[in-house]
Amino acid sequence: MTNERRVLVHPDKSALAGSVAARFITKVLDLLDVQETVHVVLTGGSMGGAVLEAVRNSPAHTSIDWSRVHFWWGDERWVPDGDAERNDRQSREALLDSLDLPEGHVHPFPASDSGLSLDDAATAYANELARFGMDGLPHPVFDIVFLGVGPDGHIASLFPHRSGIQVVDRPVIAVRQSPKPPPERLSLTRPVINASQRVWLVLAGADKASALGLALAGASRDEVPVAGIKGRRRTVFFVDRDAAAEVPEALIARDY
Ligand SMILES: O=C(O)[C@H](O)[C@@H](O)[C@H](O)[C@H](O)COP(=O)(O)O
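Attention here is on the structure that accompanies the text. Since we're looking at a predicted model, the values are computed, not measured.

1. A closer look at the overall build of the protein
Counting secondary structure elements, the protein contains six helices and 10 strands. Here the C-alpha radius of gyration of the protein, 17 Å, is about what a compact globule of 256 residues would show, namely 18 Å. By principal-axis analysis of the C-alpha atoms, the protein measures approximately 50 × 45 × 35 Å. Counting over 256 residues, the protein shows a buried share of 45%. Residue pairs in contact within the protein that sit at least 24 positions apart in sequence constitute 76% of those at least 6 positions apart.

Here it is as structure tokens:
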């Protein structure tokens, strides 16, 4: 079933993290058989870290030549470098610090103590994306984009009823007055995410059920931003039972 949205349901958070980690390892190995490098976008949020920890704890991850993998982020919180709130710090602690990665393959958003303004930081990240442009686009065509989903249906830092989810003329936006703290953030935009080969949304918990149900029932992206997300080849929602409570039965595949 190519390029259709699929929902894979797991019994609980830990099974979910383990299953996504196993699929990720297998997919990266398969991709590296047929292409030189793999570009992955990481996410903040609770499940983002849990999946990366499960990758680190899986002995199979050592079969990957990580020096051929690039890591980017879907969004970042505008706080100082090394702050515990930064998505990149969470990802580094969960996995990246334990890998042998060439420094130029890790692409964090600038931090609030970088000397750049928030707007200049957005431009700087757009320039970094452009250095790896593919298919005539000013950014990589990502192989795998991980996204968490907020209870309000936001993805990255694209929130309901805000202009960010409608932006199509830039790859990166500066976000102010975010409804989720901290108020200032940087985010990839929808066209960059949707140009990716695969979008893997990972979400757990009963507080996500309504957003997921609405998104799959055809809500607008303005109301529920995740509704506007679709990868070129695959869009998979990896969820636990609680998050799946309002998903139409016909869309569900159970991974247990
Ligand atoms: O900076 C952030 O917080 C995120 O990148 C955000 O988009 C997150 O992924 C969702 O809010 C889900 O977060 P939880 O899994 O913690 O609910």
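2. Notes on the site of the ligand
Lining the immediate surroundings of the ligand are 16 residues, of which G44, G45, S46, G148 and G150 lie closest. Those elements giving two or more residues to the shell around the ligand turn out to be α2 (46–57) and β4 (75–77). Among the elements that line the shell around the ligand, the one with the most residues is α2, at three residues. Classifying every residue of the shell around the ligand gives four nonpolar, nine polar and three charged.

3. Here's the deal with the sheet that holds strand β3 (residues 69–73)
On the basis of which strands lie adjacent, the open sheet formed by seven strands has the order β3-β2-β5-β8-β9-β1-β10 and parallel pairing. Looking along the sheet, the strands with just one partner apiece sit at the ends: β3 and β10 (252–254). Neighbouring strand axes in the sheet, compared pairwise and without regard to direction, differ in orientation by 20° on average. Relative to β10, strand β1 (residues 5–10) runs parallel, the two sharing three bridges. In the sheet register, V9 faces β10, and the bridge partner there is R254. Lying over the sheet, α2 contacts β2 (38–42), β5 (144–147) and β8 (198–203), oriented at roughly 105° with respect to β8.

4. Brief notes about the pairing of β8
In terms of residue burial, β8 counts as a mostly covered element, since five of its six residues are buried. Here β5 runs beside β8; their pairing, made up of four bridges, is parallel. Paired with I144 across the bridge in β8 is R198. Judged from the six bridges that link them, β8 and strand β9 (residues 234–240) form a sheet pairing that is parallel. Across the sheet, residue R198 finds its bridge partner in β9, namely R234. In this fold, the crossover linking β8 to β9 by way of helix α6 (residues 209–216) has right-handed handedness.

Scoring rules and cut-offs
Residues numbered from 1 in each chain as written. Predicted model: local features only at pLDDT ≥ 70, side-chain atom pairs only at ≥ 80, totals over all residues. Helix = DSSP H or I, 4+ residues; strand = E, 2+ residues; numbered from the N terminus. Rg over C-alpha atoms; globule rule 2.2 N^0.38 Å. Buried ≥ 20, exposed ≤ 12 C-beta atoms within 10 Å, placed from the backbone. Contact = placed C-beta atoms within 7 Å. Near = placed C-beta within 6 Å. Nonpolar A, V, L, I, M, F, W, Y, C, P; charged D, E, K, R; others polar. Pairing = 2+ DSSP bridges. Axes fitted to C-alpha atoms, helices over the stretch in contact; angles between N-to-C directions. Right-handed = clockwise from strand over helix to strand, strands pointing away.

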